Amino acid sequence: MNDIEVKLKAATTTICFKQYVSLPGDVVVTDSNLASKLSEFQPIIVPAGEKSKNLTEYAAVLDQLAQRGAKRKSRLVAIGGGVVGDLAGFAAATYMRGIPFVQVPTTLLSMVDSSVGGKVGVDTELGKNLVGAFYPAQQVYVDAAWLKTLERRQWQSGMAEVLKYGFIMSEEFAVSLENNPMLDSSDLRANETIRACIELKRKVVEADEFETTGYRAILNFGHTVGHAIEKLTHYETYTHGEAISVGMVIEAKIGEKLGITPTGLSSRLTNTLKAHGLPVNSPTTADVENIIQSMRGDKKSVQGELSMSLLTGLGECKLIQDIAESDVREVLSES
Ligand SMILES: NC(=O)c1ccc[n+]([C@@H]2O[C@H](COP(=O)([O-])OP(=O)(O)OC[C@H]3O[C@@H](n4cnc5c(N)ncnc54)[C@H](O)[C@@H]3O)[C@@H](O)[C@H]2O)c1
Ligand SMILES: [Zn+2]
């Protein structure tokens with residue numbers, strides 16, 4: 001498969017559809033689940049899971065880089081899912097004011113989404129991805145062979161972001177997944193689907209790299225509510241994709257209530273997510289005020305108002321600002 005070039009101001013990322021080969025001086029960062037497969041690289045190891053995407057682990061990676069004598073020209077190679085990519089990417093962005101960064105995404109979610117577009121960072125108790133930078137990888141090595149060992153739940157989590165691309169950007173793509181769900185990595189469409197998602201993300205991030213016009217914010221469909229759910233459940237209960245699945249359903253319902261999303265689209269979305277084994281109701285929705293409070297603190301909210309990227313049709317999405325809390329409260333209470 002041909003490479004895809006993502007041309008950004010911060011740096012051009014070449015997405016290579018082949019195996020990563022290490023160069024002398026590379027420092028590999030991975031998580032505790034993958035470490036045994038990567039012992040040849042003597043990697044820096046962070047504990048697996050979203051809870052590791054924090055300032056403590058970030059500082060530990062910086063310390064290990066220094067202890068290993070990493071220099072300004074050393075490449076930091078993140079081999080793992082979105083957690084490793086976001087955390088190690090932020091370390092690469094800041095160690096010695098920035099060292100070359102390479103990503104080898106090993107989950108579906110990180111192949112289709114987190115390894116493309118330059119956002120790196122960590123969570124804090126006060127917010128998801130609250131601390132970070134725009135620091136695109138120079139190269140991303142996408143190799144679907146990694147997916148063979150991925151647990152079903154993690155495949156499903158990645159499918160939440162895949163379905164997001166369809167519902168916000170491509171009616172044809174959404175309808176094909178609605179009619180024929182992709183249930184695991186043995187699906188023969190896996191490679192072409194990963195490539196299609198990367199192309200869709202490329203289009204958005206090249207047009208609005210630093211999220212200044214609101215266009216890139218369409219990628220946040222489901223994330224205003226989803227991030228609030230992740231934060232309230234201390235990044236433990238849901239995978240990122242599962243939280244986003246619940247968030248997309250609630251935000252589609254909010255869109256319908258406001259007359260922005262065509263009636264019936266939230267049901268189609270709900271059924272498609274369910275068919276992919278994803279959750280569509282959250283037990284925390286009983287905790288309506290906490291979710292609203294948490295959303296007020298979300299980076300995407302402008303001056304305390306609630307803002308969300310809402311579907312304007314199947315395959316279309318737009319950032320909507322000044323959403324009344326009363327409408328959000330009503331939908332959350334019904335969910
Ligand atoms: N930077 C961005 O633009 C962006 C975009 C979307 C999501 N994200 C972030 O990505 C993170 C989620 O990424 P994720 O879903 O990849 O989570 P993850 O990195 O936690 O990986 C999920 C699980 O899969 C395991 N795993 C990884 N590769 C495997 C393989 N090949 N075989 C078996 N197990 C494997 C991991 O050890 C982990 O337990 C979230 O923090 C989210 O905020 C970032
Ligand atoms: Zn996401």
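Up top you'll find the structure we're talking about.
All values derive from a computational prediction rather than experimental measurement.

## What about the site of ligand 1?
Around ligand 1, the structure places 29 residues, and the nearest of them are Asn-33, Gly-81, Gly-82, Thr-107 and Ser-114. Looking at the shell around ligand 1, the elements with two or more residues in it are helix H2 (82-94), helix H3 (108-114) and helix H4 (152-169). Of the residues belonging to the shell around ligand 1, the class tally is seven nonpolar, 16 polar and six charged. Both domain 1 (4-148) and domain 2 (157-334) contribute no fewer than three residues apiece to the shell around ligand 1.

## A look at the sheet that holds strand S4 (residues 44-46)
With respect to topology, seven strands assemble into an open sheet ordered S1-S2-S9-S6-S5-S3-S4, the strand pairing being mixed. Edge positions in the open sheet fall to strand S1 (4-7) and S4, since each of these has one partner strand only. Sheet twist, expressed as the average angle between the axes of neighbouring strands with direction ignored, equals 20°. Of the strand pairs in this sheet, strand S3 (residues 27-31) and strand S5 (residues 76-80) are connected by three bridges, and their pairing is parallel. Opposite Val-29, over in S5, you have Ala-78 as the bridge partner.

## Focus on the packing of helix H8 (residues 240-258) against helix H11 (residues 325-334)
Contact pair H8 / H11: the axes reach a minimum separation of 9 Å and the direction vectors enclose 125°. If you check the angle between H8 and H11, you find them oblique. Between H8 and H11 the crossing geometry is right-handed. Between H8, through Ile-250, Lys-253, Ile-254, Lys-257 and Leu-258, and H11, the contact on the second element is made entirely by Asp-327, Val-328, Glu-330, Val-331 and Leu-332. Split into classes, the residues belonging to the contact of H8 with H11 amount to six nonpolar, no polar and four charged.

## So, the environment of Gly-25
By secondary structure assignment, the location of Gly-25 is in the loop between strand S2 (12-16) and S3. C-alpha separation for the pair Gly-25 and Ser-245, spaced 220 residues apart in sequence, amounts to 40 Å. Not counting residues up to four positions away in its chain, the partners in contact with Gly-25 are Ser-74 and Arg-75.

About the thresholds
Residues numbered from 1 in each chain as written. Chains lettered and ligands numbered in written order. Predicted model: local features only at pLDDT ≥ 70, side-chain atom pairs only at ≥ 80, totals over all residues. Near = placed C-beta within 6 Å. Helix = DSSP H or I, 4+ residues; strand = E, 2+ residues; numbered from the N terminus. Nonpolar A, V, L, I, M, F, W, Y, C, P; charged D, E, K, R; others polar. Domains from an automatic or database assignment. Pairing = 2+ DSSP bridges. Axes fitted to C-alpha atoms, helices over the stretch in contact; angles between N-to-C directions. Parallel < 35°, antiparallel > 145°, perpendicular 65-115°, else oblique. Left-handed = near helix turned anticlockwise from the far one by under 90°. Contact = placed C-beta atoms within 7 Å.

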